[in-house]
Amino acid sequence: QSPEGRKMMEFRRSLPAYKEKDAILSAILQNQVVIISGETGCGKTTQIPQFILESEINSVHGAMCNIVCTQPRRISAMSVSERIATERGEKLGDTVGYKVRLEGMKGRDTHLLFCTTGILLRRLLADRNLKGVTHVIVDEIHERGMNEDFLLIVLKDLLPRRPELRLILMSATLDAELFSSYFGGAPMVHIPGFTYPVRTHFLENILERTGYQLTPYNQIDDYGMEKMWKMSKQAPRKRKSPIVSAVEEALKAADFKDYSVQTRESLSCWNPDCLGFNLIEYLLCYICENEGPGAVLVFLTGWEDINSLKDKLQGHPVVGDTSRVLLLACHGSMASEEQKLIFDKPEDGIRKIVLATNIAETSITINDVVFVIDCGKAKETSYDALNNTPCLLPSWISKVSAQQRKGRAGRVQPGECYHLYPRCVYDAFADCQLPEILRTPLQSLCLQIKSLKLGSISEFLSRALQSPEYLAVQNAIEYLKIIGALDENENLTVLGRYLTMLPMEPKLGKMLILGAILNCLDPMLSVVAALSVRDPFLAPMDKKELAEAAKAQFSRDYSDHLALVRAFEGWKVADRDLAGYEYCWKNFLSAQSMKAIDSLRKEFYSLLKDIGLVDSNPVNYNTWSYDEHLLRAIICYGLYPGICSVVHNEKSFSLKTMEDGQVLLYSNSVNARDSRIPYPWLVFKEKIKVNSVFLRDSTAVSDSVLLLFGGGISKGDMDGHLKMLGGCLEFYM
Ligand code: ADP
Ligand code: MG
């Protein structure tokens, strides 16, 4: 064994999971289902699959085991498998591999495969009994993602058919009982962890200790969300979420009488809708100048605010000084080189600052963190079944999450945690987050249930760990009927069957299918790929006007979707002359997104070929040779019934949908630039409620297009369709 190998073994033996190795292995040997819980970083993800692998390799039947371990995110599937290969001194793709959508690394000798939950679900589609798989490990079950909850129902059905199959569930929190009773009292193994004490500072303590003064003017976040909040404040207020009301109540009741006048004054200016970039900047600077060594982990809500805070900090004399500070981002779509830097210990004298989403809460462990700054929010989708509207809000986290975030500071020495909200607000947080299955639209899930032939949708979902609301299930079924994916009896139609073979939302799948049939697949591949990656149009704060002007060149069709196609086609041409970067730079486009679109297009194309929808190569790239009206029609076919009417008044126009009344456009939409839209309707990809309802990604369409392409021409049900549309027209008259 090499010195590195020995050192690695020593590290592995030092992890808390190692002490429980025998208990874990014997539990797995004796029980079909085992639930393992243990603090983040104790070695669940990296060690337990290896324990199983090693004990199986050493057992009588040799290396016959086939372990599949699911991860909720592709980034963890990739980074964990790479880490384990390193620990074993092997190449990735030997014993240990991974498979995520679009990418994989797996060989003949791979016995331990990490994959996303979605990949395992797709495998079940092809092979309901998971032939050849000996162990399924479902990791991070405490997150309660929709796919994981779904997978658990399917696996629970599978267990009696495969008595020798082993199921291991792993959780970072102590909610193991819920899962144990779901699986008929399955045994639980807890890995006791150790963390150093972490001192907690709530907002009032931070203000008291640092003397920072909050004013109504220094709490502005430099990113789009702020603008959205402001716009939504002007619109009539809708129902508030219970947690927002609880926080407001708590603030009203608090008196902070033990604190100085200055602190109290400061607290009265606190803006709970704001993440507080200025305060974060101040605190980071305070830590750099006053505290001992140790990395800082800042919890924000998403890559948008991470990027804008990063931009802001890069100009700071202390925090932006690269000879003293290494500033990194950590979120679901970061590049893999950046990923590695997060784990590395920087040189002496350099302080690592990581701006992260809640991905760093439980699924990624950064060992050298001593300071945590917690903004108290996470971006969370929720779903209002009553209005059938998804909402995406930076919302308050739960107490469990806040504790997890705090715990990140105590892994190597005693740490400090700064919560950017008062203690009374923490007290008003919910204990834990609602599972995703109870707070997101269920359309794709319902389609999957049908394609796996799992029987009645509502009966199946009633067997979930926690079942979704009746109304949410009915809305999803109704939607699938309207778009023509299910027939009256809830059976898959031909369209529905094709849609289940495409790993994307039904609305995007429909666009690809019709694009393929009508021989204009190429631009539709661009639309669908572009909608599946992060928005390629960049809007840096300091060059806003230039960026808007650049985007305007692509925006002559009253369509966000066609603007994406135009931008991509331009890039493709430039990229062939090796000028892709220059093109992106000039046009304020993300080169990373363009590349991602390019590879997704290829992937989708080969998928369509696999399912027999295309047989020729996509047409050449450099001409805009499609009838723009045809593209509008296909987009409409995909997005229906996401429609709103355009009502012009003297100066501008307003938008209305049947369910919500007045709605607004995201400010980055090309349709938000003009004061007139020469079409009566917009079809949109998504509406999102942030107090009022905002539409994302829209295309203007005419009456006739809506009549002919809305609702699903494959169904041939023009009568019903006309009736529906008649209803809409009546409503808008
Ligand atoms: P858990 O799943 O229980 O949260 P992990 O198995 O992910 O824990 O991690 C165990 C230990 O291995 C942690 O201390 C973590 O810091 C370390 N570790 C995990 N991944 C990496 C990596 N890519 N590079 C360096 N250290 C890592
Ligand atoms: Mg883990």
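Since this is a predicted model, take the numbers as computed values, not measurements. (Residues numbered from 1 in each chain as written. Chains lettered and ligands numbered in written order. Predicted model: local features only at pLDDT ≥ 70, side-chain atom pairs only at ≥ 80, totals over all residues.)

**Thoughts on the overall build of the protein**
- Scanning the protein from terminus to terminus reveals 31 helices and 21 strands.
- Classification of the 733 residues of the protein by burial places 44% in the buried group.
- Within the protein, counting contacts between residues at least 6 apart in sequence, those at least 24 apart form 73% of the total. (Helix = DSSP H or I, 4+ residues; strand = E, 2+ residues; numbered from the N terminus. Buried ≥ 20, exposed ≤ 12 C-beta atoms within 10 Å, placed from the backbone. Contact = placed C-beta atoms within 7 Å.)

**Digging into the site of ligand 1**
- In the vicinity of ligand 1, 15 residues are found, and the nearest of them are Lys44, Thr45, Thr46, Arg83 and Phe343.
- Secondary-structure elements contributing two or more residues to the shell around ligand 1 are α4 (44-57) and α5 (74-87).
- Element by element, the count of residues in the shell around ligand 1 is highest for α4, at four residues.
- Within the shell around ligand 1, the residues separate by chemical class into three nonpolar, 10 polar and two charged. (Near = placed C-beta within 6 Å. Nonpolar A, V, L, I, M, F, W, Y, C, P; charged D, E, K, R; others polar.)

**Regarding the sheet that holds strand β6 (residues 135-138)**
- Strand order in the open sheet formed by eight strands is β4-β3-β5-β2-β6-β7-β1-β8, with mixed pairing between adjacent strands. Two strands lie at the open edges of the sheet, namely β4 (103-105) and β8 (188-191), each paired on one side alone. Pairwise comparison of adjacent strand axes, ignoring direction, gives a mean angle of 20 degrees for this sheet.
- As defined by bridge partners, strand β3 (residues 96-100) adjoins β4 across three bridges and the pair is classed as antiparallel. Looking across to β4, one finds that Tyr98 is bridged to Met105.
- Contacts from α5 reach β2 (67-71), β3 and β5 (112-116) within the one sheet, and its direction differs from that of β3 by about 170 degrees. (Pairing = 2+ DSSP bridges. Axes fitted to C-alpha atoms, helices over the stretch in contact; angles between N-to-C directions.)

**What about the pairing of strand β12 (residues 351-356)?**
- Summarising burial for β12: six of the six residues are buried, a large majority.
- The side-chain alternation of β12 yields two buried faces, one formed by Arg351, Ile353 and Leu355 and the other by Lys352, Val354 and Ala356.
- Of the strand pairs in this sheet, strand β10 (residues 295-299) and β12 are connected by four bridges, and their pairing is parallel. Following the sheet pairing, Phe299 is matched in β12 by Ala356.

**Looking at the packing of helix α9 (residues 203-210) against helix α12 (residues 261-268)**
- Direction vectors running N to C along α9 and α12 enclose 130 degrees, while the axes themselves pass 9 Å from each other. The angle between the axes of α9 and α12 places the two elements in the oblique class. Both α9 and α12 take part in a crossing whose hand is right-handed. Contact with α9, carried on its side by Glu204, Leu207 and Glu208, involves Thr263, Ser266 and Leu267 of α12 and no other residues of that element.
- Along the lines of polarity and charge, the residues of the contact of α9 with α12 split into two nonpolar, two polar and two charged. (Parallel < 35°, antiparallel > 145°, perpendicular 65-115°, else oblique. Left-handed = near helix turned anticlockwise from the far one by under 90°.)

**Thoughts on unusual backbone geometry**
- A cis amide bond links Tyr640 with the next residue in sequence, Pro641, at an omega value of 5 degrees.
- Looking at the secondary structure, you find Pro641 in the loop between α29 (628-639) and β17 (643-648).
- Despite not being glycine, Leu578 shows a phi value in the positive range, around 60 degrees.
- Relative to the helices and strands, Leu578 resides in the loop between α26 (560-576) and α27 (580-587).
- One non-glycine residue, Asp697, adopts positive backbone phi at about 55 degrees.
- Mapping Asp697 onto the fold places it in strand β21 (residues 692-701).

**A few points about the confidence of the model for the protein**
- Mean pLDDT for the protein: 87, with 90% of residues reaching 70 or above.
- Between the elements of the protein, mean pLDDT differs from a low of 43, seen in helix α10 (residues 224-234), to a high of 98, seen in β6.
- For residues 224-239, every residue scores under 50 in pLDDT, and the model assigns this stretch 21 contacts once sequence neighbours within four places are set aside.
- Taken together, the stretch residues 729-733 has pLDDT below 50 and engages in three contacts with residues farther than four places along the chain or on a different chain.
- This complex was scored by the predictor with a pTM of 0.80 and an ipTM of 0.99. (pLDDT = per-residue confidence, 0-100.)

**Brief notes about the sheet that holds strand β16 (residues 415-419)**
- The six strands are arranged β9-β16-β13-β10-β12-β11 in an open sheet whose pairing can be described as parallel. Each of the sheet's edge strands pairs with one partner strand only, and the pair in question is β9 (198-201) and β11 (325-330). Going from strand to strand, the sheet's axes swing by 15 degrees on average, the running direction of each strand aside.
- Alignment of strand β13 (residues 369-374) against β16, held across four bridges, turns out to be parallel.

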